[in-house]
Amino acid sequence: MATYNVDSRGTACPGPITDLIRAYRKAQNGDEIVLVANDPGAVPDSKAWCERTRNQFMGSKEADRIFEITIKVTGKKA
Amino acid sequence: MKKIAIIGSGAGGLITSSKLAKDLSKQIRNEEVSITIFDRNLEQEFQPGYLEVAFRGTDPAKIIRRVEGLVSPGVKLVYENVEKVDLADRYLQTEGSKEKYGFDYLIISTGSSPDYKQISGLREDNMDFHTDAYNSNLIYQRISKIKSGRIVVGIAGLPYKCPPSPNESAFMLDEYFRKQGLRDNVEITYITPFTRIYSAESINEVIEPIYEKRSIGSVTAFNTDYVDTDRKEINSMEGETLKYDYLFLTPPHKTASFLKGTEFSDEDGWVKVDRRDLHITSYGDSFAIGDTTNLPISKAGVEAHLEGIVVANNIAAEINGMERKYRFTGRTQCSMETGFHKATFVVGTYDKPVEKIEPSTMNYMEKKVMEKIYWGSLHGHYEWLFKYHFKEDYFQD
Ligand SMILES: Cc1cc2nc3c(=O)[nH]c(=O)nc-3n(C[C@H](O)[C@H](O)[C@H](O)COP(=O)(O)OP(=O)(O)OC[C@H]3O[C@@H](n4cnc5c(N)ncnc54)[C@H](O)[C@@H]3O)c2cc1C
């Protein structure tokens, strides 16, 4: 199980989702993607993307207007 | 003698060389400064014109110019590609050569190009208008033979250049088949890995109703995994399949191969630069601009141009012993044709989110003006116009 750390600070829509999708292409089921962004839109956008792709939105934390979003890759066809 | 090396004679490399040649004309005449562009291409193409060639049958010769006619006096051309850059020791080497070309300043503007290795099967069946004028022309010839069938168009992977271009191709295909009276025989479906038809919500609000009105279907959050050319199916990473007869997908893009694995690029080869002055992080006299940077903005000619102005200004100022520093604003401006002589624009900066701009004939005309002035703009002839148009977004100082 690998963790992909994706730093999207300083980017706004669609930057964080672009970075997330790029990391997802490399990831396997069971891996985690940790997306760090300062665009508040990244949280609902990642949530919506997870729902649509059957990946798991594990949660988001906020500190000093930086959002850390954790996603578990579960949607890929085995 | 200060040696300035530019890698790539595309949109970014040429405007940078033109502004440097203008600001440093005296020093070039006195042989205190040299500017050299490295690129094996003898010709350049107006890439936004690929859409017109592929979907409207425009003569490809109209969007091609010889590079020698695009450079300003004083700029030298070396028609060779670069295969190695050593930023610490300040030299580059061209393909197959052991000779070390030393430089005092370096600008990398090597663009981006389709990467078919990421999606198996895609190259075989795809009609790709992101490669060159010749292939775009072949697409038009193939479209002319389509009388009915299922068309799948859209984004196969990220990143790619010109974010609106996949949507434009959907609108232009719709227009083409309507004009032929064949639209009812042709199903058009747009696919995208984003959760919206256009990634930025403001533009999505503008174009979603047009998709509905024109009966262009859409499948969002679709991550293309591979294409099965025998079964004529696109397979997503999540196990969905989509049938197609004709494919017009925008592939994910890659950087020039010599950038991969260097200490100054990220794991995919995109060059790590400062988002304001474009210097390659940790090297103050080397820069990268345009598509090849890892900046989280559109890969588009407008960015390459405005970044080139910032870099050229700052290098010339330093050589002239001046303090004046420009800073790039992140300004983007990509036109999106919505068909039937209308267009919208995707406009934003680092600090301002993408605006909502309704499609109009005026916008379409503005796009056409850009086509007319493109080659002259590489010479720097229209900076007065861009300054007026972009206002505070032209650069910060
Ligand atoms: C269909 C389509 C529509 C588009 N529409 C728009 C639009 O409406 N608006 C907009 O702003 N942009 C648009 N673009 C994007 C725009 O064309 C590019 O973003 C722009 O050309 C980038 O400039 P650049 O200098 O980074 O790269 P390029 O212009 O691509 O130039 C790169 C150059 O580097 C050279 N090179 C590569 N490797 C090497 C090497 N190893 N050594 C030496 N030279 C090398 C290449 O030969 C090339 O000449 C569109 C592109 C496409 C394909």
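Just above sits the structure.
Note that the structure is predicted; figures quoted are calculated from it, not measured. (Residues numbered from 1 in each chain as written. Chains lettered and ligands numbered in written order. Predicted model: local features only at pLDDT ≥ 70, side-chain atom pairs only at ≥ 80, totals over all residues. Heavy atoms only, no water.)

## Some points on the overall build of chain A
- A tally of regular secondary structure across chain A gives two helices and four strands.
- Reading chain A from its N end, one meets helices and strands in the order β-α-β-α-β-β.
- Here the C-alpha atoms of chain A give a radius of gyration of 11 Å, agreeing with the 12 Å that 2.2 N^0.38 yields for 78 residues.
- Dimensions of chain A, computed from C-alpha atoms along their principal axes, come out at roughly 35 × 20 × 20 Å.
- Within chain A, contacts between residues separated by at least 24 positions form 63% of all contacts whose residues are at least 6 apart in sequence.
- Accessible surface, chain A as shown: approximately 4000 Å² in total, 48% of it carbon and sulfur. (Helix = DSSP H or I, 4+ residues; strand = E, 2+ residues; numbered from the N terminus. Rg over C-alpha atoms; globule rule 2.2 N^0.38 Å. Contact = heavy atoms within 4.5 Å. Areas by Shrake-Rupley, 256 points an atom, 1.4 Å probe, with all protein chains shown as cover.)

## Some points on the side chain of Thr338(B)
- Among the secondary structure elements, Thr338(B) is positioned in strand β20 (residues 332-339).
- Among all residues touching Thr338(B), those that are not within four sequence positions of it are Phe171(B), Ile207(B), Ile210(B), Arg214(B), Ala343(B), Thr344(B) and Pro359(B).

## Concerning the nonpolar core
Residues and elements named next belong to chain B.
- In terms of nonpolar packing, the biggest core is built from 65 residues, with Leu20 and Leu92 touching the most fellow members.
- At seven residues, helix α8 (residues 301-319) tops the list of elements feeding residues into this core.
- Sequence-distant contacts of Leu92, that is, excluding residues within four places in its chain, are made with Ala5, Ile7, Phe38, Val82, Lys84, Val85, Glu99, Lys100, Tyr101, Phe103 and Leu106.
- Residues Ala170, Val186, Tyr190 and Val206 belong to the second largest nonpolar core, which totals 57 residues. (Core = buried A, V, L, I, M, F, W, Y, C linked by side-chain atoms within 4.5 Å. Buried < 20%, exposed > 50% of the residue type's maximum accessible area, 1.4 Å probe, protein only.)

## A word on the site of the ligand
Residues and elements named next belong to chain B.
- Near the ligand you find 30 residues, and of these Gly12, Asp39, Gln44, Asp291 and Gly301 are the closest.
- Between an oxygen atom of the ligand and a side-chain N or O atom of Asn41, the distance comes to 3.1 Å.
- Within the backbone of Val82, a nitrogen or oxygen atom sits 2.9 Å from a nitrogen atom of the ligand.
- Protein chains bury 91% of the 1000 Å² of accessible surface belonging to the ligand in isolation.
- Those elements giving two or more residues to the shell around the ligand turn out to be α1 (11-23) and α8.
- In terms of residue count, α8 provides more of the shell around the ligand than any other element does, three residues in total.
- For the shell around the ligand, the per-class residue count stands at 13 nonpolar, 14 polar and three charged.
- Looking at which domains feed residues into the shell around the ligand, each of domain 1 (2-40 + 80-112 + 255-393) and domain 2 (115-253) supplies at least three. (Near = heavy atom within 4 Å. Polar contact = N/O pair within 3.5 Å; in protein donor to acceptor, adjacent residues only side chain to side chain. Nonpolar A, V, L, I, M, F, W, Y, C, P; charged D, E, K, R; others polar. Domains from an automatic or database assignment.)

## Thoughts on the packing of α8(B) against helix α10 (residues 383-390) of chain B
Residues and elements named next belong to chain B.
- Where α8 contacts α10, the axes come no closer than 13 Å and their chain directions differ by 105°. When the axis of α8 is compared with that of α10, the two are roughly perpendicular. Counted together, Val302, His305, Leu306 and Ile309 of α8 and Glu383, Phe386 and Phe390 of α10 form the full contact between these two elements.
- Split into classes, the residues belonging to the contact of α8 with α10 amount to five nonpolar, one polar and one charged. (Axes fitted to C-alpha atoms, helices over the stretch in contact; angles between N-to-C directions. Parallel < 35°, antiparallel > 145°, perpendicular 65-115°, else oblique.)

## Looking at helix α1 (residues 15-26) of chain A
Residue and element names in this part refer to chain A.
- An ideal rise of 1.5 Å per residue puts 16 Å on twelve residues; α1 measures up with 17 Å between its terminal C-alpha atoms.
- Counting buried positions over the twelve residues of α1 gives nine, a clear majority of the element.
- At its buried positions, α1 is contacted by β1 (3-7), β2 (32-37), α2 (42-53) and β4 (66-72). (Expected span 1.5 Å × (residues − 1).)

## A few points about the pairing of strand β12 (residues 186-191) of chain B
Residue and element names in this part refer to chain B.
- In terms of burial, β12 is a largely internal element, five of the six residues being buried.
- Examined bridge by bridge, strand β11 (residues 149-155) and β12 share six bridges and lie parallel to one another. From the neighbouring strand, Gly154 faces β12, where its bridge partner is Ile191.
- Both β12 and strand β13 (residues 217-219) contribute to a ladder of three bridges, which runs parallel. Across the sheet, the residue bridging to Ile191 is Val219, located in β13.
- Taken together, β12, helix α7 (residues 201-213) and β13 form a β-α-β motif whose crossover is right-handed. (Pairing = 2+ DSSP bridges. Right-handed = clockwise from strand over helix to strand, strands pointing away.)

## What to know about the sheet that holds strand β5 (residues 75-78) of chain B
Residues and elements named next belong to chain B.
- An order of β5-β2-β1-β9-β19 is seen for the five strands of this open sheet, with the pairing classed as parallel. Of all strands in the sheet, those bounded by a partner on one side alone are β5 and β19 (286-288). Each neighbouring strand pair of the sheet contributes to a mean axis angle of 20°, computed without reference to strand direction.
- Across the sheet, α1 is in contact with β1 (2-7), β2 (33-38), β5 and β9 (105-108); its angle to β2 comes to roughly 170°.

## Points about the interface of chain A and chain B
- Facing 20 residues of chain A, the contacting portion of chain B comprises 24 residues.
- Surface buried jointly by chain A and chain B totals about 2000 Å² across both partners, of which 53% is contributed by carbon and sulfur atoms.
- By the criterion of area lost to chain B, the three top residues of chain A are Arg22(A), Arg25(A) and Arg52(A), representing 34% of everything that side buries.
- Our count for the contact surface shared by chain A and chain B stands at four salt bridges. (Buried area = accessible area lost by both parts, 1.4 Å probe. Salt bridge = Lys/Arg side-chain N within 4 Å of Asp/Glu carboxyl O.)

## Comments concerning the side chain of His279(B)
Residue and element names in this part refer to chain B.
- Within the element layout of this structure, His279 appears in the loop between β18 (253-254) and β19.
- A polar side-chain atom of His279 sits 2.6 Å from a polar atom in the side chain of Asp277.
- In contact with His279, not counting residues within four places along its chain, are Lys272, Val273, Asp274, Gly284, Ser286 and Phe287.

## Focus: the environment of Leu378(B)
- Its location among the elements puts Leu378(B) in helix α9 (residues 361-378).
- Linking Leu378(B) and Ser18(B), residues 360 residues apart in sequence, is a C-alpha distance of 7.1 Å.

## Focus: empty space enclosed by the protein
- Applying the stated criterion to the full structure yields two cavities of 30 Å³ or more.
- Looking at the largest cavity, its volume works out to about 60 Å³.
- Around the largest cavity sit Cys13(A), Pro14(A), Ile17(A), Asp45(A), Trp49(A), Phe194(B), Thr195(B), Arg196(B) and Ser199(B), which together line it.
- Broken down by class, the residue content of the lining of the largest cavity amounts to five nonpolar, two polar and two charged. (1 Å grid on protein atoms, 1.4 Å probe; cavity = no way out; pocket = protein on both sides within 12 Å on 5 of 7 lines; lining within 4 Å. Points joined across faces, edges and corners; volume = space filled by probe spheres on them.)

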